[in-house]
Amino acid sequence: MIRTAFRTRLPALLPLLLLGAVQAQVSAPAVTAARAAGVYPRAAAPGETAWIFGLKGVAPEGNLNVGGQTTGYRLDPASGWLAFQVPKAAAGGPQTLTLRGAPQNLRLNVLTVPPGTDALIYVRPDAAKTVQAEYTRRLQALAETCTKSCPAEVQTVLKSLGAQPSPALTPITAPVKGQSVTPGLAARVTVPPTLAARAPLVNLTTLKAANLPQLLNPAARPPTAPTDSICSALAGTVPTAGLPLGQVLTLLELIFAGDLQTDPTRVGWPNQGRGTRNWPNLPQPGDPPYAKTPPADVLGRLLNLKSGSGKGVTIHVLDTASATEDPFTYSGQYYNVPFTDRPHHGRAIGEIAQAVAPGAAVQYRQVCDKDGSCSTLKTVQALCAVAAEARRGGRHVVNLSVGGPNPTRGLELALREVAALGVPTAASYGNRDDCASLIVGDRCNHYPADWTRAFEFGPAVNLASRSLRPTMLFSVAGWDLAGGQLATYNRGVGNPGLLSEAPSVQAPGEFWLGSPMYPYFGTSFATPVVSGVLANWMSCQSGVPLLPLITTPGQAPLAPNVVNACP
């Protein structure tokens, strides 16, 4: 997971995506916070226990907030930490912990992953032998020093992990069933002398001399090692049956600081609109706009798309489809008309992208299964395969119409890998369903789209009294075909008070495809419109275009000079 918190403000033109103030509901006396205050583990699922350490003068029990949700805490006598249970209704992803007198930078990543999700580890090539040789010994060493100073639950996790054998490690670029990945250099890793001579950041001596609270103290934590290419790393899986996943992720990173990073093995899902899709301003509700009209015709009318080409560009669709199949199906409603077993998701994404850029090649990389659960490792491997192709030449665009509330470190590093090679990514912003049941003060997250500001580059450009910078990661919201404005199926719309990152661009997101024709709507299907526009641009222009968020009702969401950039 990524620790970085993004604090960008939503544009004033998005009144339905308001930033709500988080109100702490605590009755305990004021707390004096130590500088080393923090949260353990850094991630936890609803219903699991987490702790705040490094606070002094706190009452032995009281209330704190996880996002907008209130939960009780109690003082753990063994560690002196404040123990609390993550609320069952807690919003997923990074949430602010609010406690009177505590630092305002306390965050907990609330895990929303399928039951039984294991831990995925990424290991630096030069540290692989160390990790496998010292895996059990380091866990046991920390367990020994933790006996008298850690909560009982933490001791149990350490003992259980220490009883496991070290995980098998394989290069990330190795092929995975369900997708075709071009083997990269990681299969024949040679360690640069500077890395081979690097002193270990944590070792057995360190662990025996320290305890868990000392390792968690940010001031005492060893410096982070240089970040290597995620594509050169080796990966392995750590079983977590019966153990809290968040603790496993945190503990493994602590004992191998800088040499090992972690993620859940499963994260994210395809983004399709769910439930009734209807609009109150239609003369006859239930009569969809542009029903059964081919996507190219719809885009020609709405965006004045003339003759898109995309020749020489490959659009990589990382989704539910492979080169030969797309087993994903879905049932729901569109304009009060129910449909069952609507086929595909990834295949529809590719068809929409090709309607925008008919000359572009579409390459499908299956990273999600037929049930809609997406693999972290397959997604990272697919991006590394794109990076390998980009190094060999050609122009490339990535389409990610998948995502979820939890930031994953491997995904962010792999996206930076392709961005550094000039490959832009279009990512779906997320649908309103992602924010279902959330309350004021909750943050409604969706990654990778919420990293869009972190992928900005170059000088700012003044446009319509706004200062904008281009990005290599486009967060794509859906634009309503009937109303000509931001669609109400977008994440956070209609939920005032939720905290949510703004999208960077919007595009039409409702299309009819297949035979018989089915409706496909949601931010997933707005995203390939932008992927196609990027492919068209890159077929005759250099770099990536500046795509501002146009929110004027009735005005096309994409500028004509970008949509029709090529002669």
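Just above, that's the structure.
Within any chain, residue numbers begin from 1 and follow the written order of that chain's sequence. Predicted model: local features are reported for residues with pLDDT of at least 70 only, side-chain atom pairs are reported and counted for 80 or more only, and whole-chain, interface and lining totals are derived from all residues. With hydrogens and water excluded, all non-hydrogen atoms of the structure serve as input to the side-chain values.

### Re the state of the cysteines
Right, so step 1: The disulfide definition used here is simple: a pair of cysteine sulfur atoms within 2.5 Å. With the rule as written, the count across this model stands at five disulfides.
Right, so step 2: The residue that forms a disulfide with Cys146 is Cys150, at a sulfur-sulfur distance of 1.6 Å. Given an S-S torsion of about -95°, the disulfide between Cys146 and Cys150 has left-handed geometry. Both residues of the pair, Cys146 and Cys150, belong to the buried class.
Right, so step 3: Numbered by position along the chain, the disulfide-linked cysteines of the protein connect as 1-2, 3-6, 4-5, 7-8, 9-10. Burial status follows relative accessibility: with a 1.4 Å probe on protein chains alone, a residue under 20% of its type maximum counts as buried, one over 50% as exposed, and anything between as partly exposed.

### Quick word on unusual backbone geometry
Right, so step 1: In this chain, Tyr40 is followed by Pro41 through a cis amide linkage whose omega measures -10°.
Right, so step 2: One can find Pro41 in the loop between strand 1 (32–40) and strand 2 (43–44).
Right, so step 3: In the Ramachandran plot, Asn304 falls in the positive-phi region, its phi being about 60° despite a non-glycine side chain.
Right, so step 4: Starting at the N terminus, helices and strands are each numbered in turn, a helix being any DSSP run of H or I of at least four residues and a strand any DSSP run of E of at least two. Tracing the backbone through its elements, the reader meets Asn304 in the loop between helix 7 (295–303) and strand 14 (313–319).
Right, so step 5: Its relative accessible area of 42% is what places Asn304 among the partly exposed residues.
Right, so step 6: You will see that Ser437, though not glycine, has its phi angle at about 70°, which is positive.
Right, so step 7: If you trace the backbone, Ser437 turns up in the loop between strand 20 (425–428) and strand 21 (461–463).

### Digging into the side chain of Thr425
Right, so step 1: On the secondary structure map, Thr425 appears in strand 20.
Right, so step 2: The criterion used for residue contact is that any of the two residues' heavy atoms lie within 4.5 Å. Those residues in contact with Thr425 that lie beyond four places of it in its chain are Val398, Leu400, Leu415, Val418, Met472, Leu473 and Phe474.

### Focus: empty space enclosed by the protein
Right, so step 1: Both cavities and pockets are sets of points on a 1 Å grid over the protein atoms alone; in a cavity a 1.4 Å probe fits but cannot get out, in a pocket the set is open with protein on both sides within 12 Å along at least five of seven lines, and lining residues sit with an atom within 4 Å of a point. Grid points are joined across faces, edges and corners, and a volume is the space filled by probe spheres set on the points. If you walk through the whole model with that rule in mind, you get two cavities of 30 Å³ or more.
Right, so step 2: When its volume is computed, the largest cavity comes out at roughly 140 Å³.
Right, so step 3: Along its surface, the largest cavity is lined by 17 residues, and Val267, Thr379, Val402, Gly403 and Leu411 are the ones closest to its centre.
Right, so step 4: Every element with two or more residues in the lining of the largest cavity is listed here: helix 9 (376–392) and strand 19 (402–403).
Right, so step 5: If one sorts the elements of the lining of the largest cavity by residue count, helix 9 sits on top with three residues.
Right, so step 6: Of the residues contributing to the lining of the largest cavity, the split by class is nine nonpolar, eight polar and no charged. Put simply, Ala, Val, Leu, Ile, Met, Phe, Trp, Tyr, Cys and Pro go in the nonpolar bin, Asp, Glu, Lys and Arg in the charged bin, and everything else, Gly too, in the polar bin.

### Points about the packing of aromatic side chains
Right, so step 1: Classification of ring pairs uses Phe, Tyr and Trp, with its six-membered ring standing for Trp, and accepts pairs whose centres are within 6.5 Å; under 30 degrees between planes counts as stacked, over 60 as edge-to-face, and the remaining range as tilted. Under the defined criterion, the tally for this structure stands at eleven aromatic pairs.
Right, so step 2: For the ring pair Tyr40 and Trp81, a centre distance of 5.8 Å and an interplane angle of 55° mean the geometry is tilted. Here the residue Tyr40 occupies a position in strand 1, and Trp81 occupies one in the loop between strand 5 (69–75) and strand 6 (82–85), the gap between them amounting to 41 residues.
Right, so step 3: For Trp81, a relative accessible area of 3% puts it in the buried group.
Right, so step 4: Joined through ring pairs, the aromatic side chains of Tyr334, Tyr335, Tyr489, Trp512 and Phe521 make up one cluster.
Right, so step 5: Only lysine NZ and arginine CZ atoms are considered, and such an atom sits over a ring when it is within 6 Å of the ring centre and within 35 degrees of the ring normal. Over the ring of Phe455 we find Arg416, and its NZ or CZ is 4.3 Å from the ring centre.
Right, so step 6: The ring of Tyr429 carries Arg491 above its face, with NZ or CZ at 4.1 Å from the centroid.

### As for helix 11 (residues 523–538)
In an α-helix, one full turn covers 3.6 residues, which means residues spaced three or four apart are oriented alike.
Right, so step 1: Here the expected span of a helix is defined as 1.5 Å times the quantity of residues minus one. If you check helix 11, its first and last C-alpha atoms are 23 Å apart, about what 16 residues at 1.5 Å a residue would give, namely 22 Å.
Right, so step 2: Across the 16 residues that make up helix 11, a large majority, 16, are buried.

### Topic: the pairing of strand 7 (residues 93–98)
Right, so step 1: Taking burial as the measure, the six residues of strand 7 include five buried ones, the bulk of the element.
Right, so step 2: Two strands qualify as a pair provided that DSSP identifies no fewer than 2 bridges between them. With two bridges joining them, strand 4 (residues 61–66) and strand 7 adopt antiparallel strand pairing. Residue pairing in the sheet places Asn65 in a bridge with Thr98 of strand 7.
Right, so step 3: Both strand 7 and strand 8 (residues 107–110) contribute to a ladder of four bridges, which runs antiparallel. Note that in strand 8 the partner of Pro94 across the bridge is Asn109.

### Side note on the pairing of strand 11 (residues 234–238)
Right, so step 1: Counted residue by residue, strand 11 has four buried out of five residues, so it is predominantly covered.
Right, so step 2: Here strand 9 (residues 119–123) runs beside strand 11; their pairing, made up of five bridges, is antiparallel. What sits directly across from Ala119, in strand 11, is Val238.
Right, so step 3: The sheet contact formed by strand 10 (residues 170–171) and strand 11 spans two bridges and is antiparallel. Pairing of Pro171 across the sheet is with Leu234, part of strand 11.

### Observations concerning the sheet that holds strand 12 (residues 260–264)
Right, so step 1: Overall, antiparallel pairing links the four strands, which are arranged 10-11-9-12 in an open sheet. Edge positions in the open sheet fall to strand 10 and strand 12, since each of these has one partner strand only.
Right, so step 2: Note: strand 9 against strand 12, five bridges, orientation antiparallel. Within strand 12, the residue paired with Leu120 across the bridge is Asp263.
Right, so step 3: Axis definition: a line fitted to C-alpha atoms, limited for helices to the stretch in contact. Angles are taken between N-to-C directions and run from 0 to 180 degrees. Most of the contacts of helix 6 (residues 245–255) go to strand 12, to which it runs at about 170°, and overall it touches strand 9, strand 11 and strand 12.

### Digging into the pattern of salt bridges
Right, so step 1: A side-chain nitrogen of Lys or Arg and a carboxyl oxygen of Asp or Glu constitute a salt bridge if their distance falls within 4 Å. If you walk through the whole model with that rule in mind, you get 13 salt bridges.
Right, so step 2: Between Arg124 and Asp126 there is a salt bridge, with its nearest N and O atoms 3.5 Å apart.
Right, so step 3: Residues Glu501 and Arg453 are paired through a salt bridge, measuring 3.9 Å at the closest nitrogen-oxygen approach. Remark: Arg453 occurs in the loop between strand 20 and strand 21 and Glu501 occurs in the loop between strand 23 (473–479) and strand 24 (505–508); sequence separation between them is 48 residues.
Right, so step 4: Overall, Glu501 belongs to the buried group, its relative accessible area being 3%.

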